[in-house]
Amino acid sequence: MTPSDYEYLRKFLKERSGLDLSADKQYLVESRLLPLARKSSLPGISELVARMRGGAEALTSEVVEAMTTNETFFFRDKIPFDHLREAVLPAMLQARAARRSLRIWCAASSTGQEPYSIAMCLKEAGSLLAGWRTEIVATDLSQAVLEKSKAGIFSQFEVQRGLPIQLLVKYFTQNGELWQINAELRGMVQHRQLNLLQDFSHLGTFDIIFCRNVLIYFDQNTKANIFERMSRMMEPDGVLALGAAETVVGITNTFKPYPERRGLYRPNVAPVIRVGASTMVPQTLRAVASAL
């Protein structure tokens, strides 16, 4: 791969997926794209780039998928799911007792381990969620990983990574060396292809957003833009869960840390101040006060 090829790929991936590759990541590109080149009967990456420059759209889509498909496993990092069970769900159950509905967005959901981990947390809540309408929306840039997630079929290796044996027995059916999550849990998850760089307001408003281990690949401006747009799609008391190596600190003021729960954040909504029968945000109150 020539320096020109690498620069073309860096620019292409930034524009199409938000992936921000530094100058020293050529080895990563080679490890991901050489198998794709061989699969396409091309001798190397330079020839693959030449095909891309020629407008081979199907090939360019495969390049994006090869570069953005990341590792995932059930209950990854454990702590966010402990927070969900111990703090977030109890608070949501109390705050939404009247409407009895809960919407969760799992962004960059990959092959499904994360949204199905969330689904299992909800099912384990048992009677507390009886009669509630719960919805999990799983999105990813890659259609291929979404199809795998929809099927809910995992290898022995995949179910052994992070999935407690009691949940495996309870929610999965074995077929040879493969395990399929049951139809009820599959039915709890909606799958939609989505590029986080593009408008996602059509997804609606959410109570909880899991956006973990994807923003680390974006530059600061792209992260800030995504955070700002996500904040507009959340309830004022909503919760955003990020990956262990991710934070909003120093990037955006649209979210603030969730008290004593590492990795969780809340929309940074301006406090509401009541004056008599009126409700005004601080800047409105200052304007009124200055006019008196």
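First things first, this report covers the structure right here in the doc.

### Here we look at the pairing of strand β4 (residues 172–175)
(1) Moving on: Both β4 and strand β5 (residues 178–181) contribute to a ladder of four bridges, which runs antiparallel. Across the sheet, the residue bridging to Phe172 is Ile181, located in β5.
(2) Moving on: Linking β4 back to β5 in an antiparallel pair, the connection comprises two residues, with Gly176 at a positive phi of about 70°.

### As for the packing of helix α2 (residues 26–39) against helix α4 (residues 57–68)
(1) Moving on: Put simply, α2 and α4 touch, their axes get as near as 9 Å, and they point 140° apart. Comparing the axis directions of α2 and α4 gives the class oblique. In this structure, α2 crosses over α4, and the sense of that crossing is right-handed. Counting all contacts with α2, which are made through Leu28, Val29, Arg32, Leu33, Leu36 and Lys39, the residues of α4 involved are Leu59, Glu62, Val63, Ala66, Met67 and Thr68.

### What to know about the sheet that holds strand β7 (residues 206–211)
(1) Moving on: Ordered in space as β6-β2-β1-β7-β8-β10-β9, the seven strands form an open sheet in which the pairing is mixed. On the outer flanks of this sheet lie β6 (189–193) and β9 (255–257), each paired with one strand and no other. Shown here is a sheet whose adjacent strand axes are inclined to one another by a mean of 25°, direction ignored.
(2) Moving on: Bridge count between strand β2 (residues 133–140) and β6: five bridges; the pairing is parallel. When the bridges of β6 are listed, Asp140 appears paired with Gln193.
(3) Moving on: Running over the sheet, helix α5 (residues 79–95) touches β1 (101–107), β7, β8 (234–242) and β10 (264–267) and is turned about 170° from β7.
(4) Moving on: Across the face of the sheet, helix α11 (residues 220–231) comes into contact with β1, β7, β8 and β9 while running at roughly 140° to β8.

Conventions and cut-offs
Residues numbered from 1 in each chain as written. Predicted model: local features only at pLDDT ≥ 70, side-chain atom pairs only at ≥ 80, totals over all residues. Heavy atoms only, no water. Pairing = 2+ DSSP bridges. Helix = DSSP H or I, 4+ residues; strand = E, 2+ residues; numbered from the N terminus. Axes fitted to C-alpha atoms, helices over the stretch in contact; angles between N-to-C directions. Parallel < 35°, antiparallel > 145°, perpendicular 65-115°, else oblique. Left-handed = near helix turned anticlockwise from the far one by under 90°. Contact = heavy atoms within 4.5 Å.

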